[in-house]
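Now for the letters of each chain:
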Amino acid sequence: MARAGLTTDRVVAAAAALADEAGFENVTVSALARHFGVKDASLYSHIRNLQDLRTRVALLAGGELIDRIAAAVAGRAGKDALAAFAGAYREYALQHPGRYAATQIRIDQSLIADSPALRRTAEITYGMLRAYDLDEPDLTDAVRLLRSTFHGYCALEAAGGFGAPRDVQKSWDRAVDALHVTLEHWPREERDDD
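Since this is a predicted model, take the numbers as computed values, not measurements. (Residues numbered from 1 in each chain as written. Predicted model: local features only at pLDDT ≥ 70, side-chain atom pairs only at ≥ 80, totals over all residues. Heavy atoms only, no water.)

A. Examining the overall build of the chain more closely. The secondary structure content of the chain amounts to 10 helices and 0 strands. For the chain, the residues scored as buried account for 40% of the 194 residues in total. Of all intrachain contacts in the chain linking residues separated by at least 6 positions in sequence, the fraction that spans at least 24 positions is 69%. Approximately 11000 Å² of the chain is accessible, and the part contributed by carbon and sulfur atoms is 51%. Charge centroids of the chain, computed over 23 positive and 28 negative side chains, lie 9 Å from each other. (Helix = DSSP H or I, 4+ residues; strand = E, 2+ residues; numbered from the N terminus. Buried < 20%, exposed > 50% of the residue type's maximum accessible area, 1.4 Å probe, protein only. Contact = heavy atoms within 4.5 Å. Areas by Shrake-Rupley, 256 points an atom, 1.4 Å probe, with all protein chains shown as cover. Lys, Arg positive; Asp, Glu negative; His and termini not counted. Charge placed at Lys NZ, Arg CZ, Asp CG, Glu CD.)

B. Looking closely at the packing of helix α8 (residues 116-129) against helix α9 (residues 138-158). Remark: α8 packs on α9, axes separated minimally by 11 Å, with the N-to-C direction vectors making an angle of 105 degrees. Between α8 and α9, the angle is such that the two are roughly perpendicular. For the pair formed by α8 and α9, the contact residues are T125, Y126, M128 and L129 on the first element and L139, T140, A142, V143 and L146 on the second. Here the contact of α8 with α9 is built from residues that sort into 7 nonpolar, 2 polar and no charged. (Axes fitted to C-alpha atoms, helices over the stretch in contact; angles between N-to-C directions. Parallel < 35°, antiparallel > 145°, perpendicular 65-115°, else oblique. Nonpolar A, V, L, I, M, F, W, Y, C, P; charged D, E, K, R; others polar.)

C. Quick peek at the layout of surface pockets. Each pocket or cavity is described by its volume, and for the largest pocket that value is around 980 Å³. Along the walls of the largest pocket sit 26 residues, with T103, L118, T121, V143 and R147 positioned nearest its centre. For the lining of the largest pocket, the elements supplying multiple residues, two or more each, are α4 (50-73), α5 (78-95), α7 (109-114), α8 and α9. Looking at which element gives the most residues to the lining of the largest pocket, the answer is α9, with 6 residues. (1 Å grid on protein atoms, 1.4 Å probe; cavity = no way out; pocket = protein on both sides within 12 Å on 5 of 7 lines; lining within 4 Å. Points joined across faces, edges and corners; volume = space filled by probe spheres on them.)

D. Inspection of the environment of G62 at higher detail. Structurally, G62 is set in helix α4. Along the backbone, G62 and R99 are 37 residues apart, and their C-alpha atoms lie at a distance of 8.3 Å. Those residues in contact with G62, other than ones at most four positions away along the chain, are T103, A117 and T121.

E. The arrangement of α8 in detail. Across its 14 residues, α8 extends 20 Å between first and last C-alpha, which sits within 8% of the 20 Å expected from 1.5 Å per residue. Inspection of α8 places A117, I124, T125, M128 and L129 among the buried residues, and these make up the whole buried set. For α8, the angular spread of buried residues about the axis comes to 130 degrees, placing them on one side. More than 90 degrees from the buried face of α8, the exposed residues found are P116 and E123. The inward-facing, buried residues of α8 contact α4, α5, α9 and α10 (168-184). (Expected span 1.5 Å × (residues − 1). Arc of directions from axis to C-beta.)

F. Quick look at the packing of aromatic side chains. Counted by the stated rule, this structure contains 6 aromatic pairs. Summarising the aromatic geometry, the rings of Y89 and Y100 are spaced 5.5 Å apart at their centres and angled 80 degrees between planes, so their arrangement reads as edge-to-face. Here Y89, found in helix α5, pairs with Y100, found in helix α6 (residues 97-102); they are 11 residues apart in sequence, far enough to count as distant. With relative accessibility at 7%, the residue Y89 sits in the buried group. Where Y153 meets W172, the ring centres are 5.0 Å apart and the plane angle is 65 degrees; that geometry is what we call edge-to-face. Note that Y153 is positioned in helix α9 and W172 in helix α10, a separation of 19 residues in sequence. Of the aromatic side chains, those joined through ring pairs into one cluster are F85, Y89, Y100, F150, Y153, F162 and W172. (Phe/Tyr/Trp six-rings, centres within 6.5 Å; stacked < 30°, edge-to-face > 60°.)

Written as structure tokens, this is what we have:
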């Protein structure tokens, strides 16, 4: 493939595809260079280094994930919104395992502030939780509960970690039901009003 056709967007898209095919941990500058039929050095006019490439893949994947979630929750509230959010999250994680893994890396806080996709993620997530009437710090705690539950379930499912004969979808639906009940009856943190 001709070097002239390379752009940052093409390099990042190829890295995201490679992440899904070979695993996010196997995304390297050398692997991408081989994919494009160029020397490693040719890619450095489009990315700074491997960390920059992986961060760009994470931001791309985060944008894709929140676009799916936003479409799923549009016009919904309460339990319906929670179930739609959870379903879109799980579907993306299972369909795009490498990209999903990229969304779990720690990203520099300055990049988060500059990322429309990551700001949108917070807006959509907190918006979905509005129906549960949570204030800080309970809201942050609820977001962490949802993220850790969804991530843990998806990671176990992707790894074949559920060996019992119970249908995995039914267990997922029950987990979402349980999260809804938990959010409706959230144990409020006591605040000092002094």
